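If you want the building blocks of each chain, they are given just below.
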Amino acid sequence: MQDMSTTGWRSVLAGSQILFVAFGALVLMPLITGMHPSVALFTAGLGTLIFHFVTQRQVPVFLASSFAFIAPILYSNQTWGLPATLGGLVAAGLVYLLLSLAVHLRGPGFIHRLLPPVVVGPVIMVIGLGLASTAVNMASGKSGDGSVQLVDYSTALTISLVSLITTLLVAVYARGLFRLVPIMAGVLVGYTLAWVLGVVDFTNVDNAGWLAVPDFTLPEFHLAAILFMIPVAIAPAIEHIGDVMAIGAVTGKDYIRKPGLQRTLMGDGLGTSAAAFFGGPPSTTYSEVTGAVMLTRNFNPLVMIWAAVFAIGLAFIEKFGAILLGIPVPVMGGILCLLFGSIAVVGINTLIRHQVDLSEARNLCIVSVTLVFGIGGMAIGNQAITLQGISLCGIVAILLNLILPGTRPDPAAPTAD
């Protein structure tokens, strides 16, 4: 009994540590997109519990806010409003379910044939590079679209650079568990400096109560917002597959076979749709949590369930949510200069790791058109339904991959016996 009790307490403590690792990125995404961080905490916990129910508690992963959806959410919020955006995110979660069904019927190879690296790489690059101006505006003390100067430029630049440098130093030089929390370190140091410089106002924290129900928002369903958001789910779905393979390499288990990729995709999709129903950001499997699992060598999925329980509990502490909402814009902007660039680098690395030959005309055409359409803001459609940005370039990349012929072998070339 004592051994079981000790094991239980270790799982509880390990769960709090996992939430600590995921926390920085978890709350940063809703702060950027205008969602409430307390709702994000709740939906991260809810999504993780749903995932573990679907996968029968076999895969040690934690689900939380997906950065791949930041740009689409910002655009959709400005165009159709938050409730319609949430409706689009509900539909995006259903894309995972369709992919899950496809994997169940045709096997995991189907996904790789439909979405090879030459498609996924440039789409991920667009997700990061399309947000570069937002990061710079926020680091300069402006709103994300650059229309309002919220903090004095020189003060904002000081805060953002200190936040960025702190994040870089921790990411590169820290050791052990601290190396897994560079975002949180940047936020803490930047927040403290902003308070010293008089940028932070704790009035809302003082007025907030201790316990309160998070500010949930119900979705509304508009066809234009749904059609805009559905293609966006392609990139994080591929990221999901990579994360499942990565955690399998850490634990020495093949999760693609058991519980099966169809179950993990279904769990992630249901978590994303459930989050949107409550007004939270879409979920994804967190790579930093995989790093924590590798460091601690604790492969028990029960740890992730405890992390989910802690996240749900913190969501109901109103003062905690008020502190998160008070993070100054320059702090987030400085860190985002790294994060958004990192997303683009993931796309570049996808092309490099899979040795995509860009001297081949077919590959060059797919990558080039996808990047220009996505970053340049190409729009196709009418006032009712318009495709642009990530959604347009995702569809274009898939269509070009299906239409353009592959390289044919030279009949005059010698063949190996």
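Rules behind the numbers
Within each chain, residues carry numbers counting from 1 in the order of the written sequence. Since the coordinates come from a predicted model, pLDDT governs what is reported: local features require at least 70, and pairs of side-chain atoms require 80 or more to be given and counted, while whole-chain, interface and lining totals use all residues. Excluding hydrogens and water, the side-chain values take into account all heavy atoms of the structure. Numbering of helices and strands runs from the N terminus, with a helix taken as a DSSP run of H or I at least four residues long and a strand as a DSSP run of E at least two residues long. Note on exposure labels: buried denotes an accessible area under 20% of the residue type's maximum, exposed denotes more than 50%, and partly exposed covers the range between, all computed with a 1.4 Å probe on protein chains only. Only the protein chains shown count as covering a residue, and every accessible area follows the Shrake-Rupley method with a 1.4 Å probe. Between N-to-C directions, angles cover 0 to 180 degrees, with each direction set by a line fitted to C-alpha atoms, over the stretch in contact for helices. Each angle gets one of four labels, with under 35 degrees taken as roughly parallel, over 145 as roughly antiparallel, 65 to 115 as roughly perpendicular, and the rest as oblique. A clockwise turn of the near helix away from the far one marks a right-handed crossing, whereas an anticlockwise turn of less than a right angle marks a left-handed crossing. Any two residues whose heavy atoms approach within 4.5 Å are treated as being in contact. Each residue is assigned to one of three groups, with Ala, Val, Leu, Ile, Met, Phe, Trp, Tyr, Cys and Pro labelled nonpolar, Asp, Glu, Lys and Arg labelled charged, and all others, Gly among them, labelled polar. Between rings of Phe, Tyr and Trp, where Trp is taken as its six-membered ring, a pair exists when centres lie within 6.5 Å; planes separated by under 30 degrees are stacked, by over 60 edge-to-face, and by other angles tilted. To form a nonpolar core, buried Ala, Val, Leu, Ile, Met, Phe, Trp, Tyr and Cys residues must be joined to one another through side-chain atoms within 4.5 Å.

Looking at this model, I keep getting lost on the overall build of the protein. Mind explaining?
A count of helices and strands for the protein gives 19 helices and four strands. For the protein, the residues scored as buried account for 53% of the 417 residues in total. When the accessible surface of the protein is split by element, carbon and sulfur atoms take 66% of a total near 18900 Å².

Where do I start with helix 3 (residues 70–80) in this structure?
Note that an α-helix has 3.6 residues per turn; residues three or four places apart therefore point the same way. Here helix 3 has its buried residues at Ile70, Ala71, Pro72, Ile73, Leu74, Ser76 and Asn77. At the C-terminal side of helix 3, glycine 81 shows a positive phi close to 95 degrees.

Looking at this structure, how should I read the packing of helix 8 (residues 153–173) against helix 17 (residues 329–353)?
If you want to describe how two helices pack, look at the angle between their axes and the distance between the axes. Interaxial distance between helix 8 and helix 17 falls to 7 Å at its minimum, and their mutual angle equals 45 degrees. Here helix 17 runs oblique to helix 8, going by the angle between their axes. The two elements helix 8 and helix 17 meet at a crossing, and its hand is right-handed. Residues Ala156, Ile159, Ser160, Ser163, Leu164, Thr167 and Leu168 of helix 8 form the contact with helix 17, whose own contacting residues are Pro330, Val331, Gly334, Ile335, Cys337 and Leu338. A breakdown of the residues in the contact of helix 8 with helix 17 according to their chemical character gives nine nonpolar, four polar and no charged.

Got a minute to help me understand the packing of aromatic side chains in this structure?
Given two aromatic rings, one states the distance between the centres and the angle between the planes to describe the pair. A full pass over the atoms with the stated rule returns 10 aromatic pairs. Measuring from centroid to centroid gives 5.2 Å for tyrosine 75 and phenylalanine 228, while their planes differ by 40 degrees, and the two rings are tilted. One end of the pair, tyrosine 75, is in helix 3; the other, phenylalanine 228, is in helix 11 (residues 223–229), with 153 residues separating them in the sequence. On the accessibility criterion, tyrosine 75 (26% relative accessible area) is partly exposed. What makes phenylalanine 228 buried here is its relative accessible area of 4%. Plain terms: the ring middles of tryptophan 306 and phenylalanine 310 are 6.3 Å apart, the flat faces sit at 35 degrees to each other, and that makes the pair tilted.

Would you take a moment to explain the nonpolar core for this structure?
In a soluble, globular protein the nonpolar side chains are often hidden away together inside. Counting 104 residues, the largest nonpolar core has Leu26, Leu28, Phe62, Phe67 and Phe69 as the members making the most contacts within it. Here this core gets 11 residues from one element, more than from any other, and that element is helix 1 (residues 2–33). Not counting the four nearest positions on each side in its chain, phenylalanine 69 is found in contact with Met29, Leu89, Ala92, Met229, Val232, Ala233, Pro236 and Pro282.

Any chance you could explain unusual backbone geometry here in plain terms?
For the bond from lysine 258 to proline 259, the omega torsion is 10 degrees, close enough to zero to count as cis. Summarising the element assignment, proline 259 is placed in helix 13 (residues 256–278). Notably, glutamine 56 is not glycine yet its phi reads approximately 60 degrees, a positive angle. With respect to the secondary-structure elements, glutamine 56 resides in the loop between helix 2 (37–54) and strand 1 (63–65). We classify glutamine 56 as partly exposed; its relative accessible area is 46%. Here the phi dihedral of glutamine 355 falls at roughly 55 degrees; this positive angle occurs in a residue that is not glycine.

Explanation requested: the packing of helix 2 against helix 15 (residues 302–315) in the structure shown.
Remark: helix 2 packs on helix 15, axes separated minimally by 7 Å, with the N-to-C direction vectors making an angle of 155 degrees. In terms of their interaxial angle, helix 2 and helix 15 are classed as roughly antiparallel. In the crossing of helix 2 with helix 15, the sense of the turn from one axis to the other is left-handed. Across from Ser38, Leu41, Phe42, Gly45, Leu46, Thr48, Leu49 and His52 in helix 2, the residues of helix 15 making contact are Met304, Ile305, Ala308, Ala311, Ile312, Leu314 and Ala315. Residues of the contact of helix 2 with helix 15, tallied by class, amount to 11 nonpolar, four polar and no charged.

Read these as layout, nothing more, since geometry by itself doesn't imply function.
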